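Examination of the molecular architecture
Residues per chain, in single letters:
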Amino acid sequence: MPKARITPDIEIHYEIDDYTDPWTKPEAVLMMHGNLESGAAWYAWVPVLARHFRVIRPDMRGYGKSTPPVPADYPWTIDVPIDDFIKLMEQLGIERFHLVAAKIGGFIARRFAARFPDRILSLTVIGTPPPIYDTAARVESLTRDISENGIEPWARRTMAGRLGKNFPQEGVEWWIKMMGRTPVSTQLCFVKNIPKADITADLPRIKCPTLVITTEGSGLGSVESMRAWQEMIPNSRLLVLPGDSYHAAASDADECAQATLKFMLEQHSQR
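Let me begin by describing the structure that accompanies this report. (Residues numbered from 1 in each chain as written. Predicted model: local features only at pLDDT ≥ 70, side-chain atom pairs only at ≥ 80, totals over all residues. Heavy atoms only, no water.)

Before going further, it helps to examine the sheet that holds strand β6 (residues 120-126). Taken together, the eight strands give an open sheet; going across it, the order is β1-β2-β4-β3-β5-β6-β7-β8, and neighbouring strands pair in mixed fashion. Across the chains shown, the open sheet's two edge strands, defined by having one partner strand only, are β1 (3-7) and β8 (236-241). Averaged over all pairs of adjacent strands, the angle between their axes in this sheet comes to 20°, without regard to strand direction. Strand direction decides the pairing type here: strand β3 (residues 28-32) and strand β4 (residues 54-58), joined by three bridges, are parallel. (Pairing = 2+ DSSP bridges. Helix = DSSP H or I, 4+ residues; strand = E, 2+ residues; numbered from the N terminus. Axes fitted to C-alpha atoms, helices over the stretch in contact; angles between N-to-C directions.)

Moving on, we get to helix α2 (residues 79-91). Over its 13 residues, α2 extends 18 Å from the first C-alpha to the last, a length consistent with the 18 Å expected when each residue adds 1.5 Å. The complete set of buried residues in α2 reads V80, P81, I82, D84, F85, I86, L88 and M89. Check the buried side of α2 and you find it contacts β1, β2 (10-17), β3, β4, β5 (97-102) and α3 (104-115). Note on α2: the residue one or two positions beyond its end, G93, has a positive phi of about 75°. (Expected span 1.5 Å × (residues − 1). Buried < 20%, exposed > 50% of the residue type's maximum accessible area, 1.4 Å probe, protein only. Contact = heavy atoms within 4.5 Å.)

All right, on to the pattern of salt bridges then. Under the defined criterion, the tally for this structure stands at 17 salt bridges. Put simply, D79 and R111 hold a salt bridge, and the shortest N to O gap is 3.1 Å. You can see D79 sitting in helix α2 and its partner R111 sitting in helix α3, a full 32 residues away along the chain. Linking R156 and E152 is a salt bridge whose minimum nitrogen-to-oxygen distance equals 3.6 Å. (Salt bridge = Lys/Arg side-chain N within 4 Å of Asp/Glu carboxyl O.)

Quick look at the structure:
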């Protein structure tokens, strides 16, 4: 089981998928999952990307097979997972890489690309919140609900907006069970801290080519509101897919993965 020791008390679990020709030197892609997930969330993307790139799928600290849980009173910030993943890539000997992220992973990834412009070859964010994502109004009720009832019932109630009305029921159950395995303390700490960041000032500092993917009926914001912040990123483009999910990386995995592959290969050919 591949793990990288990031701090004396934190190990990050990761998977590497590489089906490129063995005589080539493929570029790497770091995949950042969203809240209540793990690197397993990218299962449908691996067959598409791993034939062309070295795909790195870590579990964020407190999630999946990485060191759990994060204490509920831990002073988590948006920069903690960024620093974790930079250390992971350094341990793997990877200097520059593409960055692909979904949901609030894309919120973190935009700061990531702004902080490390010389490390990121391209950025793709799918179904990600706006740069100011203030959840303060519902944190109290959310934390009380999760503390009393656990994560799985909450995930079940909210899954329709996440995956949309056309996602198969068997798939809905898989996502509910995966998200429900998150330690409660990790989730409580995450929702109290990470969404508080305002990354608006980071957007103009993103220097790499950037692809933003959303859906027509995303619950995270209208197409117009997505375009408003996407256009703040200098070398960026917006792809709008049909549908009503906001987790397009899951609900429309094939379309998103193919679009991302095309985008990254395009950047590679231009270097």
